[in-house]
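Tertiary structure, described
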Amino acid sequence: MRSKAFAELFLPQSSQKARAARSGAPEDNPAIQEIWHVVGAIPRGQVSTYGAVARAAGLPGRARLVGRALRLAPKGLRLPWHRVVGAGGRIVFPRLSLEHREQSRRLKAEKVAVKAGRVGGAFMTTLDAK
């Protein structure tokens, strides 16, 4: 799998455009819409993992797609993206990044205990699988 930086530096522009055209709009992708629906249903003060969201959306093994769907989500959806964490309750953003600080701040505002970049298991919610 090639990184975004690699693609920008070494792949011809036409290849990037063709890949973007094949992917289509996220609003037209039922899998991404289902992920958005599941994330929107995570209760305030609770968190879930990328893998659990994927399973609840009927997409077992597609945790990375959950991350992609959250990146592609329009701001107008106002999804509670901060309630989704990595395996073991870990905030997946680099520790010193603005995103890490923002996710930690939002979780703490919802009274979720965050310590050393991890959320305690007591705050994990069980999502119903599709």
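What comes next concerns the included structure. (Residues numbered from 1 in each chain as written. Predicted model: local features only at pLDDT ≥ 70, side-chain atom pairs only at ≥ 80, totals over all residues. Heavy atoms only, no water.)

All right, on to the nonpolar core then. Ranked by internal contacts, the top residues of the largest apolar core, which has 21 residues, are Ile35, Val39, Val53, Val66, Leu70, Val84 and Leu127. Looking at this core, the elements with two or more residues in it are α3 (30-40), α4 (50-56) and α5 (63-72). In contact with Leu70, not counting residues within four places along its chain, are Trp36, Val39, Tyr50, Leu79, Trp81 and Val84. One finds Val47, Val85, Val112 and Val119 within the second-largest nonpolar core, a separate group that totals eight residues. (Core = buried A, V, L, I, M, F, W, Y, C linked by side-chain atoms within 4.5 Å. Buried < 20%, exposed > 50% of the residue type's maximum accessible area, 1.4 Å probe, protein only. Helix = DSSP H or I, 4+ residues; strand = E, 2+ residues; numbered from the N terminus. Contact = heavy atoms within 4.5 Å.)

The next thing to look at is unusual backbone geometry. For Arg78, which is not a glycine, the phi torsion comes out positive at approximately 50 degrees. On the accessibility criterion, Arg78 (74% relative accessible area) is exposed. Positive phi, close to 55 degrees, is recorded for Ala116, a residue that is not glycine. Among the secondary structure elements, Ala116 is positioned in the loop between β3 (114-115) and β4 (118-119).

Considering all chains together, one arrives at one aromatic pair under this definition. Taking 6.2 Å as the distance between ring centres and 85 degrees as the angle between the ring planes, the aromatic pair formed by Trp81 and Phe93 counts as edge-to-face. With a gap of 12 residues between them, Trp81 in the loop between α5 and β2 (84-85) and Phe93 in the loop between β2 and α6 (98-109) connect regions that are remote in the sequence. (Phe/Tyr/Trp six-rings, centres within 6.5 Å; stacked < 30°, edge-to-face > 60°.)

All right, on to the side chain of His100 then. Inspection of the secondary structure assignment puts His100 in helix α6. Taking the relative accessible area as the measure of exposure, His100 reaches 7% and is therefore buried. Dropping the residues within four chain positions of it, His100 is found in contact with Ile91, Phe93, Pro94, Arg95 and Gly117.

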